Amino acid sequence: MTRTMSFVWHLRLRMAERGMFATSDLVPLLAERGVHLSREQVYRLVTAPPQRLSMDTLAALCDILSCQPNDLIEITVVNARVRKTADGTAPKAPTVRRTAIRRPDLS
């Protein structure tokens with residue numbers, strides 16, 4: 001069985017709970033805490049789950065929103081089962097066939 005991790009980013013929800021609906025509201029609040037991000041960077045941070053996040057930014061967000069990191073990030077484990085054949089073994093990878101595309105002679 002393969003274990004893969006996933007997460008849900010709740011920044012927008014935590015902002016809404018505190019009456020913050022414009023992403024630009026975060027820019028000066030982050031700057032007060034030494035985190036200088038452009039409006040575009042803050043917009044991406046709010047609207048899409050970040051793949052990388054500095055600890056300084058996470059700490060500043062938690063301070064601004066009076067929350068803990070687990071209030072912003074919900075981690076889930078997704079289990080993917082490997083299907084087995086009737087004899088109990090894992091299936092073999094399919095054979096890859098290369099094909100050639102031939103155009104009709106246009107002469």
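Before going into details, it helps to say that this report is about the structure given with it. Just so it is clear, the structure is predicted and the values come from calculations on it, not from any experiment.

**Here's the deal with helix H3 (residues 39-47)**
For an α-helix, the turn length of 3.6 residues means that residues three or four places apart are oriented alike. Where H3 is concerned, the buried positions are Val42, Leu45 and Val46. In a view along the axis of H3, the buried residues occupy a sector of 95°, so they form one face of it. Facing away from the buried side of H3 by more than 90 degrees, the exposed set consists of Glu40 and Arg44. Buried-residue contacts for H3 involve strand S1 (2-9), helix H1 (11-17), helix H2 (26-32) and helix H4 (55-65).

**Observations regarding the environment of Thr57**
Checked against the element boundaries, Thr57 lands in helix H4. A relative accessible area of 8% means that Thr57 is categorised as buried. Through-space distance from the C-alpha of Thr57 to that of Arg33 is 8.8 Å; in sequence the pair is 24 residues apart. Ignoring sequence-local partners within four residues, the contact set of Thr57 consists of Val35, Leu37 and Leu45.

Definitions and cut-offs
- Residues numbered from 1 in each chain as written.
- Predicted model: local features only at pLDDT ≥ 70, side-chain atom pairs only at ≥ 80, totals over all residues.
- Heavy atoms only, no water.
- Buried < 20%, exposed > 50% of the residue type's maximum accessible area, 1.4 Å probe, protein only.
- Helix = DSSP H or I, 4+ residues; strand = E, 2+ residues; numbered from the N terminus.
- Arc of directions from axis to C-beta.
- Contact = heavy atoms within 4.5 Å.

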